[in-house]
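# Coordinates in review
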Amino acid sequence: MSNEGGGRTACRGLDGWCGYLLSTPHSNANRQIIPPSSRVYRVQFTSTAGTTFKVFHHRIGKRFTASVHHFFTDTYHPGVSMEPLTPLDFYFAGPDAESPDRYQPGGYHPVHLGDVYCQRYKIIHKLGFGTYSTVWLARDLESSAQTRYVALKFAVAELTGMNTEIKIHRHLASQSGTHPGSDHVLALLDHFRVRGANGEHDVLVFQVVGPHLEAMFNEEPTGIQETIKSLAHQVALGTSFLHDCGVVHADLHKANIVFEIPGLDGKPEEMAMMALGLPQCVPVFTRDQLHQTDSLPKYLVIPGSLVECVNQDDLRVKVIDLGEAFFTAEASQDLHSPLQVRAPEAIFNRLSTLLRIECGSKVDVWSMGCLIYELATSSSLIGDEYDEVGALRELTALLGPLPEKWIGSLGASYSSTSDASLERTVRSISEVGDTPGLTRLLQEILVLDPLRRPNVSDILNHPWFVGSSSPVTPSGSASE
């Protein structure tokens, strides 16, 4: 989309692209052309002249034609300073796209299809979003040998100047060498900053990768479980590379492990776009006209899926997202990883007022154990319903008592009295073979005391991995 003088908004180059439009009953123009009986409409952009689009009413199938000027300009008031917005301030289609209220000063940067950054990266589609960033598929216009695609990660403005991810990636690039695990960590290709209505944003450029492990596991759990040893071994290799470089990932879970997708480069732009499915756009309308500011995008784009691009015969994965990572020398006492994979020492630190335990490289070892457990059993080690208190008690019931000095800080109520065991649990619910070997591996990894937990190099050479690939003993593994 583009803005033409006087705030007039037009659609250019969007022929055939579909989206979903939410009715906005506060607008006179919208009331005139959209029946009030339904709130959600399908939008088909059809005008190369950039002045109209067609709206298809879902319930009664009628067609309406409206001016883009009416839909976007009548409710668009740039430059108005307002209180922070909440999801209730918007007409919103649902959970498939990010919440529009994240587009405000300090938050997301508004990105649109067709935008070009640094006169080099042209936005083609959306790959995903998270709490602190949105990620987009872009064509590298400087690539002359063949069409090349990259992923652009736009960080929220509030992290600019405080985000260590770029610093860590630079360090890893200087250390990669011939380490066998470097191929299993997504590398930074480029980075720059962009200034917009919500502030200044770091933009990180990466290789395009496919769906994360969580999505693939939900889609085809049996196929993933059949390759569990190979996948876990690749994750361990990537983690060993980080640890050997003195870096702790600190947020290792299924959503931060992604599959490689071969063959996207070299495809025409239209085919690359269609590999993710036709872009679906959700125009952004606020309930109050005064909230419609430059901080908001004209529309949200529902992320496409690259599941069909994954080579099912050769599943290759990479560890991504170093947004929570830190250097081993700067050990943390707090983690923000999901509770289901958070190391017990980090949970303990949230509860204890007398004693604090440093969180080092062993937190990644714990998270790897939780990952292997989830893939093998199709269930989490800790249920979703628990808070920190319940999680720690659940862990002691399954794995035994906390270290004695921890109990002294928390109280005797955290002592284990259960006769449950990890071995019996795994044997009863495991959905993969070689259960005795799997149980021994998990018993060695899922140890409450980080001082008794193995290093990644120990995990790589565990007998359970024999046959997944050649055992590797990386040198210089970081330890507590």
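Since this is a predicted model, take the numbers as computed values, not measurements.

## Overview of the side chain of His-253
Along the chain, His-253 falls in the loop between strand 14 (247–248) and strand 15 (257–259). With residues near it in sequence (within four places) discarded, His-253 still touches Pro-338 and Val-341.

## Digging into the environment of Arg-139
Residue position: Arg-139 is located in strand 10 (residues 133–140). Taking the C-alpha atoms as reference points, Arg-139 and Tyr-121, separated by 18 residues in sequence, lie 5.5 Å from one another. Excluding residues within four positions of it along the chain, Arg-139 makes contact with Arg-120, Tyr-121, Lys-122, Ile-124, Thr-147, Arg-148, Tyr-149 and Glu-269. There is a polar contact of 3.2 Å between the side chain of Arg-139 and the side chain of Glu-269.

## Structural notes on the confidence of the model for the chain
On average, residues of the chain score 78 in pLDDT, and 73% of them reach the 70 mark or higher. Every residue in residues 475–480 is under pLDDT 50, and counting partners more than four places away or in other chains gives 16 contacts.

## Examining the packing of helix 8 (residues 344–351) against helix 10 (residues 388–399)
The geometry of helix 8 relative to helix 10 is characterised by a closest axis approach of 10 Å and an angle of 135° between their N-to-C directions. On the basis of their axis angle, the class for helix 8 and helix 10 is oblique. For the element pair helix 8 and helix 10, the recorded crossing hand is left-handed. Of helix 10, the residues touching helix 8 (which contributes Pro-344, Ile-347, Phe-348, Arg-350 and Leu-351) are Glu-388, Val-389, Ala-391, Leu-392 and Leu-395. Each residue belonging to the contact of helix 8 with helix 10 can be placed in one class, and the counts come to eight nonpolar, no polar and two charged.

## A closer look at unusual backbone geometry
Positive phi, normally seen in glycine, also occurs at Cys-118, with a value near 60°. The residue Cys-118 is located in the loop between strand 8 (116–117) and strand 9 (121–129) in this model. We classify Cys-118 as partly exposed; its relative accessible area is 47%. Of note in this structure, Gln-119 is not a glycine but carries a positive phi near 55°. Within the fold, Gln-119 resides in the loop between strand 8 and strand 9. Overall, Gln-119 belongs to the exposed group, its relative accessible area being 75%.

## Here's the deal with the packing of helix 6 (residues 228–244) against helix 9 (residues 362–377)
At their nearest, the axes of helix 6 and helix 9 sit 11 Å apart, and the two run at 170° to each other. The angle between helix 6 and helix 9 falls in the class roughly antiparallel. Across the interface between the two elements, Ile-228, Ala-232, Val-235, Ala-236, Thr-239 and His-243 from helix 6 touch Asp-364, Met-368, Leu-371, Ile-372, Leu-375 and Ala-376 from helix 9. Classifying every residue of the contact of helix 6 with helix 9 gives nine nonpolar, two polar and one charged.

Reading the values: rules and limits
Residues numbered from 1 in each chain as written. Predicted model: local features only at pLDDT ≥ 70, side-chain atom pairs only at ≥ 80, totals over all residues. Heavy atoms only, no water. Helix = DSSP H or I, 4+ residues; strand = E, 2+ residues; numbered from the N terminus. Contact = heavy atoms within 4.5 Å. Polar contact = N/O pair within 3.5 Å; in protein donor to acceptor, adjacent residues only side chain to side chain. pLDDT = per-residue confidence, 0-100. Axes fitted to C-alpha atoms, helices over the stretch in contact; angles between N-to-C directions. Parallel < 35°, antiparallel > 145°, perpendicular 65-115°, else oblique. Left-handed = near helix turned anticlockwise from the far one by under 90°. Nonpolar A, V, L, I, M, F, W, Y, C, P; charged D, E, K, R; others polar. Buried < 20%, exposed > 50% of the residue type's maximum accessible area, 1.4 Å probe, protein only.

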